[in-house]
Amino acid sequence: MTPRTGVVGLNYWGPNLVRNFDGLAELAWLCDLDDAHLQPLAARFPHARATNDFAEMLADETLDAVVIATPVPTHYALAKQALEAGKHVFVEKPPAMRAVEIDELVQLADDGNRVLMPGHLLLYHPAVLKLKELVASGELGDVLCVYGNRVNLGIVRSNENALWSLGVHDLSVILYLLDEDPDFATAQGSWSIHEGVEDVVFCFLRFPSGKIAHMHLSWLDPHKMRKMTVVGREKMAVFDDMEPERKVTVYEKRADSSGAIASGDIHIPKVATTEPLRLECEYFLELIDGKHDRAKVAQDGARVVRALEMLTNSLSG
Ligand SMILES: NC(=O)c1ccc[n+]([C@@H]2O[C@H](COP(=O)([O-])OP(=O)(O)OC[C@H]3O[C@@H](n4cnc5c(N)ncnc54)[C@H](O)[C@@H]3O)[C@@H](O)[C@H]2O)c1
């Protein structure tokens, strides 16, 4: 059965989800508070019903799934309403702003046997899957540290800081690669555009295994960087999303316990070019179809929110 799906939040990101779900599922509803965002989509997808009222969409008993692409502060309340209405939920990242909220959503999904999938797009990126393969297979040796650089000029946001807007992506990848919760997480940042909204943030995380991670997040930077580096004892790997073809590079570089340095070949493994958003949407539909581990997907989302809360507390502390 093709799930009947409704998308809420149709401004910048929502239309990308609409485009994908229209092909993969049955696009049944479109919802936005603002007619200026709703009507153009309603005209493009006339087979979907259009509304400004989320509750009207949820009241449709034939609707199976809800896709939420509204601003972050609304995610928890809308996801909760949708789960309580018995719908499967895909919610853009991060799915909630506080650990207690995500724990409640995870419980609701579990109680109702519904999918709760946070939209951590990079986890469906073939290059990130390749990094995971390199880590999990032991090819890199023990991982010592991971760091991400997500910087460029803009988009300057006024309702979420660089940590919430940019950092969630890198954080989801770091936690996925290391498969551990940090026992220490600290962030420092500054704002220069919108009062109290940090446009530059540096984060440091330490894990029980001793691994460490760092994130540099900024929308006030001369470079455009979308990079994740994994340093292992045997080899090092870099995922550079600005590279059109060489998404992942593996360096045979290491230092042994005496401090001797070894530098060997550099490999460029083949990475599929499939659009990550397409893969992410397909994964949501497969979860609804009973494939994969529903509980794990929801729990992984909770792990990101918990770490984000630690970083946020330290940033504002
Ligand atoms: N995965 C990614 O790479 C990626 C990229 C960009 C944005 N996002 C995420 O997508 C989400 C949306 O981002 P955006 O930049 O499109 O936001 P936006 O503010 O431009 O648009 C949000 C839309 O939601 C609507 N809306 C708000 N509350 C609503 C409600 N209660 N009912 C119905 N409509 C409501 C607004 O009217 C607006 O049209 C955010 O969570 C953001 O983090 C993800």
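Residues numbered from 1 in each chain as written. Predicted model: local features only at pLDDT ≥ 70, side-chain atom pairs only at ≥ 80, totals over all residues.

Notes on the domain arrangement of the protein chain
And step 1. Along its sequence, the protein chain is organised into domain 1 (4-119) and domain 2 (125-273).
And step 2. Domain 1 and domain 2 are separated by 30 Å when their C-alpha centres are compared.
And step 3. Domain 1 puts four residues into the contact, and the matching count from domain 2 is five residues. (Domains from an automatic or database assignment. Contact = placed C-beta atoms within 7 Å.)

Digging into the nonpolar core
And step 1. Residues Val89, Leu131 and Val230 are the most contacted members of the largest nonpolar core, which totals 93 residues.
And step 2. If you count residues domain by domain, this core takes at least three from each of domain 1 (4-119) and domain 2 (125-273).
And step 3. Excluding its chain neighbours within four sequence positions, the residues that come into contact with Val230 are Leu131, Val135, Leu140, Val143, Val146, Leu177, Met236 and Ala237. (Core = buried A, V, L, I, M, F, W, Y, C linked by C-beta atoms within 7 Å. Buried ≥ 20, exposed ≤ 12 C-beta atoms within 10 Å, placed from the backbone.)

Concerning the sheet that holds strand S14 (residues 261-267)
And step 1. Strands sit in the order S8-S9-S10-S7-S11-S12-S13-S14 across an open sheet of eight strands; the sheet is mixed. Edge positions in the sheet fall to strand S8 (184-190) and S14, since each of these pairs with one other strand and no more. Each neighbouring strand pair of the sheet contributes to a mean axis angle of 10°, computed without reference to strand direction.
And step 2. The pairing of strand S12 (residues 236-240) with strand S13 (residues 248-255) spans four bridges and is classified as antiparallel. Its bridge partner being in S13, Phe239 is matched across the sheet by Val248. (Pairing = 2+ DSSP bridges. Helix = DSSP H or I, 4+ residues; strand = E, 2+ residues; numbered from the N terminus. Axes fitted to C-alpha atoms, helices over the stretch in contact; angles between N-to-C directions.)

Overview of the sheet that holds strand S3 (residues 49-51)
And step 1. In spatial order, the strands read S3-S2-S1-S4-S5-S6; together these six strands make up an open sheet with parallel pairing. The open sheet has two edge strands, S3 and strand S6 (116-119), and neither has a second partner. Within the sheet, the average angular offset between the axes of one strand and its neighbour, ignoring direction, is 20°.
And step 2. Note: strand S1 (residues 4-8) against strand S2 (residues 26-31), five bridges, orientation parallel. Bridged to Arg4 within S2 is Glu26.
And step 3. Sheet contacts for helix H4 (residues 72-84): S1, strand S4 (65-68), strand S5 (88-92) and S6; angle to S5, the most-contacted strand, approximately 170°.

Some details on the environment of Trp164
And step 1. Following the sequence through the fold, Trp164 ends up in helix H7 (residues 162-178).
And step 2. Taking the C-alpha atoms as reference, Trp164 lies 31 Å from Lys270; in sequence the two are 106 residues apart.
And step 3. Those residues in contact with Trp164 that lie beyond four places of it in its chain are Val72 and Pro94.

Here we look at the pairing of strand S10 (residues 212-218)
If a strand is regular, its side chains alternate between the two faces of the sheet.
And step 1. Buried residues dominate S10, accounting for five of its seven residues.
And step 2. With seven bridges joining them, strand S7 (residues 143-151) and S10 adopt parallel strand pairing. Residue Val146 lies in a different strand from S10, and its bridge partner there is Ala213.
And step 3. Looking at chain direction, strand S9 (residues 200-206) and S10 are connected through seven bridges and run antiparallel.

Section: the packing of helix H6 (residues 126-136) against H7
And step 1. It is the contact of H6 with H7, at a shortest axis distance of 9 Å, that shows an interaxial angle of 30°. As summarised for this structure, H6 and H7 are arranged roughly parallel, according to the angle between their axes. By crossing handedness, the relation of H6 to H7 is classed as right-handed. Residues Val128, Leu131, Lys132 and Val135 of H6 lie in contact with H7, whose contacting residues are Val173, Tyr176 and Leu177. (Parallel < 35°, antiparallel > 145°, perpendicular 65-115°, else oblique. Left-handed = near helix turned anticlockwise from the far one by under 90°.)

Digging into unusual backbone geometry
And step 1. A cis amide bond, omega -20°, links Lys93 with the succeeding residue Pro94.
And step 2. The topology assignment puts Pro94 in the loop between S5 and helix H5 (99-111).
And step 3. The residue Asn113 is not glycine, and still its phi comes out positive at about 50°.
And step 4. Residue placement: Asn113 occurs in the loop between H5 and S6.
And step 5. The exposed category is assigned to Asn113, around which 9 C-beta atoms lie within 10 Å.
And step 6. Positive phi outside glycine occurs at His292, with the angle close to 65°.

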